[in-house]
Structure formats: structure tokens, C-alpha cells
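Working through the structure, step by step
Letter by letter, the chains look like this.
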Amino acid sequence: MQLFKNQTIKIYNSLSGKKEPFKTITDGYVGMYVCGPTVYSHVHLGNVRTFMTFDMVFRYLKHLGFKVRYVRNITDAGHLENDADEGEDKITKKARLEEIEPMEVVQRYTVDFHNILNTFNFLPPSIEPTATGHIIEQIELIKTIIDNGFGYEINGSVYFDVHKYNETNNYGILSKRKLEDLIHNTRELDGQSDKKNPQDFALWKKAEPQHIMRWPSPWSDGFPGWHLECTAMSTKYLGNHFDIHGGGMDLKFPHHECEIAQNQAAKGQSPVNYWMHANMLELNGQRMSKSTGNIINPTELLTGHNDKMSKAYSPSVIRFFMMQAGYRSVLDLTDAGLQSSEKGFNRLLDAIKELDTLTPSESSTLDIDSWKQKCYGAMNDDFNTPILIAHLFDAAKFIHQIKDGSQHVTIAHLNTLKTTINAFVFEVLGLTNVTEAASETDTLAGAVNVLIKLRQEARANKNFALSDQIRDELANAGIQLKDGRDGTSFSVN
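Predicted, not measured: the structure shown is a model, and the values here were computed from it. (Residues numbered from 1 in each chain as written. Predicted model: local features only at pLDDT ≥ 70, side-chain atom pairs only at ≥ 80, totals over all residues. Heavy atoms only, no water.)

This part takes up the sheet that holds strand β6 (residues 157-160). A sheet is described by the order of its strands in space; here 4 strands give the open sequence β5-β6-β7-β8, paired in antiparallel fashion. Each of the sheet's edge strands pairs with one partner strand only, and the pair in question is β5 (151-154) and β8 (222-224). On average, each strand axis in the sheet is inclined to that of its neighbour by 20°, with strand direction left out of account. In this structure, strand β7 (residues 201-206) lies alongside β8, joined through 3 bridges in antiparallel fashion. Considered in β8, the bridge of K205 is made with F223. Against the sheet, helix α4 (residues 135-147) contacts β5, β6, β7 and β8, and its axis sits at roughly 120° relative to β7. (Pairing = 2+ DSSP bridges. Helix = DSSP H or I, 4+ residues; strand = E, 2+ residues; numbered from the N terminus. Axes fitted to C-alpha atoms, helices over the stretch in contact; angles between N-to-C directions. Contact = heavy atoms within 4.5 Å.)

Considering all chains together, one arrives at 17 aromatic pairs under this definition. The interplanar angle of 70° and the centroid separation of 4.9 Å between the aromatic rings of Y376 and F424 together place this pair among those described as edge-to-face. Placement of the pair is Y376 in helix α12 (residues 368-380) and F424 in helix α14 (residues 411-428), with a sequence separation of 48 residues. Residues Y376 and F424 agree in their burial class; the two are buried. Joined through ring pairs, the aromatic side chains of F4, F22, F66 and Y274 make up one cluster. Sitting over the face of the ring of F150, K164 holds its NZ or CZ atom 6.0 Å from the ring centroid. Its guanidinium or amino end placed over the ring of F122, R319 lies 5.4 Å from that ring's centre, counting from NZ or CZ. (Phe/Tyr/Trp six-rings, centres within 6.5 Å; stacked < 30°, edge-to-face > 60°. Buried < 20%, exposed > 50% of the residue type's maximum accessible area, 1.4 Å probe, protein only. Lys NZ or Arg CZ within 6 Å of the ring centre and 35° of its normal.)

This part takes up unusual backbone geometry. With an omega of 5°, the peptide bond running from F253 to P254 counts as cis. As for its placement among the helices and strands, P254 is situated in helix α8 (residues 252-267). Unusually for a residue other than glycine, E99 sits at a positive phi of about 55°. For E99, the location among the structural elements is in the loop between α2 (90-98) and α3 (102-119). For E99, a relative accessible area of 74% puts it in the exposed group. For N284, which is not a glycine, the phi torsion comes out positive at approximately 50°. Looking at the element boundaries, N284 is found in the loop between β11 (281-283) and β12 (286-287).

Turning to the UniProt feature "binding site: ATP" (unreviewed entry) in the chain, a few remarks are in order. Those places that UniProt annotates as "binding site: ATP" (unreviewed entry) correspond, in this numbering, to K290. Mapped onto the elements of the fold, K290 is located in the loop between β12 and α9 (298-303). (UniProt positions renumbered as here; feature names shortened; annotations may be inferred.)

The next thing to look at is the sheet that holds strand β9 (residues 242-248). Reading across from one edge, β4-β3-β9-β10 is the order of the 4 strands in this open sheet, with parallel pairing throughout. Edge positions in the sheet fall to β4 (67-72) and β10 (272-278), since each has one partner strand and no second. Taken pair by pair, the neighbouring strands of this sheet meet at an average axis angle of 20°, ignoring direction. Two strands pair when backbone bridges link them, and β9 and β10 are joined in this way by 6 bridges, in the parallel orientation. Opposite H245, over in β10, you have W275 as the bridge partner.

This next bit is on the pairing of β9. Of all the 7 residues making up β9, 7 are buried; the element is thus mostly covered by neighbouring parts of the structure. Two strands pair when backbone bridges link them, and strand β3 (residues 29-34) and β9 are joined in this way by 3 bridges, in the parallel orientation. Counterpart to V34 in the pairing with β9 is G246. Each parallel crossover has a hand, and the one from β9 via α8 to β10 is right-handed. (Right-handed = clockwise from strand over helix to strand, strands pointing away.)

This part is about the side chain of D382. Position of D382 relative to the elements: it lies in the loop between α12 and α13 (385-404). Judged by relative accessible area, which is 5%, D382 ranks as buried. Those residues in contact with D382 that lie beyond four places of it in its chain are K10, I11, Y12, K19, Y327 and R328.

So this is what it looks like as C-alpha cells:
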């Protein structure tokens, strides 16, 4: 069904800084590109939140009947440390430290990325291209940028001339930064860089002798700049001009700013109509940081093996928690917040289970059609999931009122209530009815953690016989303990 014909969506466009009516380039079709992960480490929860935002957007647009081509890339080359133009490739560095091939690193963490997203019930994108699979396209794009006068080669590397570009375009149009301010706040080049100006960015880097990942090009054996891949892949699969480009707030500058410049320089037009950015995820009121120890990864949150939360939480509870905040707001991950979301999620599922027990009446005392449109109205207002969830809790209240006889609905309105609440809870928000499985997981984690504490006490009292017995008995039951610097964790074989 083409529900979109009767719905008016407004999207907050980072380019204009305001909500705008969503008008697709081609009627009934949506092209959406989202910057994917650099696969050199385990995906962190901030990434999960960003990708969950666009999974929700993807789901809602599909629900409305749009034909959506959703492209989310994998960065498997060219992303240097600190997002800079100098330094070591993140994947190559990981490979060197672990003494494995770079593509082993890519494979390991791409699999991990997919496993985590599958756990949280993500829909796969329509296309998931890789940077290394599009080297030819990136080289051709560089040639065009050079031919158009916006790129220059020096010592085998190619750079984008930001100052030349800014003479006829606006470098900073997305991030609202001015090149003059960037120049003022940038130290002078120290003579070790080939760039004409510090603000210029790499399109192609000549590989140093020790650099493993390299490809032949007209300029040198080297590798593409990080910003280039998304321009090459988005335009290949969505065209030179498409509907939505998304990513984390941290990518707005310089990554997305550079994408706009590259597309304008190569294609003569801005690539995207609507730029969307998901905000940060904090932990207990502070920025997540490995250096301070204020960090928790998805697996730790799901299993309860951490010192930040009191228990394990199911994927749907975590997803529900994230959907209770608007995607453009900073979200603080706390134990109290997750516990509250768990109670709310279970209350919502309990109400949905009661739907099949309700008896319709000859007339309705509830305006179900108006409630239904409120649900669509919330999602049409820049994908406002917190307001949608508030309306879903209204539906839970309706269900209890119908059950106790204080309100009545006709069979038609009861069917509308069933169809709508199921569509938004499971199809759009992507939640799953797994409360029983989650409860069993919580119970197992709680029991094993009690035994881990008893084992720690036995070791502290030098009762190594008991300590070993606990470890061995758990191993026999298929539960493997792993002692590390941060304590003892377990896995179920």
C-alpha cells in the first residue's frame, strides 16, 4: 500500500537547520546513504545508536510504501588515525599489532558488526559496498576533480584544493563554518606536508614502503582518502543527486563537508537534498571514553558482564530505550533508564498480548482512528519516536479499559487498533516479543555472577580447591569462565 500518498513527512535538514517537507526526487522512490563503520575494532554502542536511527527511518519509509534503496558502506581502507591525512591506516595498524593480514582484521570486525546489528534486529541495507571494492571508481573521480581544477598532485599524492573551491562555492555550507575562521584557527604547515594549505584534504595518498594496503594509480602506488569513498559509492548506486544522507553528528565536519565539496567539484551539484545526523550516546552523564574507563560495549550490556549496570538487558529493551529519545538529542545510557525502559517495554507487550482476548461491541466510545493518525503524525514529524511511544502507551491504556468494560470498540476499530499497534511496535520500531527469553538470560547471568563472586571469595581466602571446583563444574555445564584484568566474564558454549 502506498500510504505515503496520504502522509506528509517533515525531516530536520542539517543543511538548512530546520524541518522541511520531505519531497522525493522520484515519486514513490527513496535513495538513502548512511556512512558505515571503519572495521578495525568492535562496533561500539554509539555506532549502534546511529545505525539504529537509520534502521528506524528505513523501516518507516518502507512501511509507508516507498521503494527504498538503502546504501550503507564498509570502510576497509584509507581511514587514517585521528581522521587525518597523515599517520597510519587504522586497519593496517591493527593488523600490525595482532600480526595478521589487514583483510583478516576487516573480516573479523565486519562479521562482528553484522552479528551485533542482527542481535538488535536490524534490517540489512539494500547494498553494502566496500571501499576496496571501488578503487577504480575513486580513481576516476579524482581524475575528474583534477580536470575541473579542484585537485592537485604533488609527490605522488593528490589533494583537494579547498581555497580554490571556496572561490566559487561555500566550503562550510553544512557545518556552518567559515574558511576564514578555519584558517585563523589552524597552525601553519611545518614543511613536512605536501599540501598547499592546511585545510586541503587528501584524495589519494602515496603509500610509504611499509604501507601494506596499496593500489596502482596514475599518480603512485597508494590508497584513496577517507572522504572520497562515500562520494564514489553513494553516487554510483544512488546517482549524482539523491534524497537522504545520514550519519553520526561527529561526521558532519569534516567528512560530510568534504563529500559535498567533492561532489560539487566533480558533478557540478550538491549530492543530497536532506542531511540527517544522529546525536551522541553518553554513559552515566559523561562522554564514553576508553582512556577514562567510562565505556561499555554492546556484548557487555547484553550479557551483564560489566561494572556499570546491575544486570543484563535484552536487545529489544536496549532498542526500546534508544527509541524513547529523539535521534537528534544526546542520550544518556544509565542503569535506571534501562530498568525503566524494561518495565515500560514489558507493560506494552503485556497489553498487546491482551488484544486477542478483547470482545468487540456494537459501538465505539474510543476514537481509534484519531489515535492512529496521531501515531503517524509523530513519525511524520522528523521520526519522533518518543511521541510515538507515548501514543503506544495510550493504546495500552485503551486495551485495559476495553478489557474491564469501561470503554468499548467495534470489531472494525478493534482490528485497526491491533493492526496499528503491531505495525508500529514490531515493523517500524523493530522490537521483538522476547520477554520470556530475556528473562531466562537474566536469570542465567544472575546465577553465574553469584558463582563468580563465590569463586572470587574462595581465591581471596586461598581456597583454591573450591575456586577450581566452581570453574570446572561450570565448564562441565557448558559455561566457560575467562579471567582478565577487568575481572571475570563468562560465555555459554
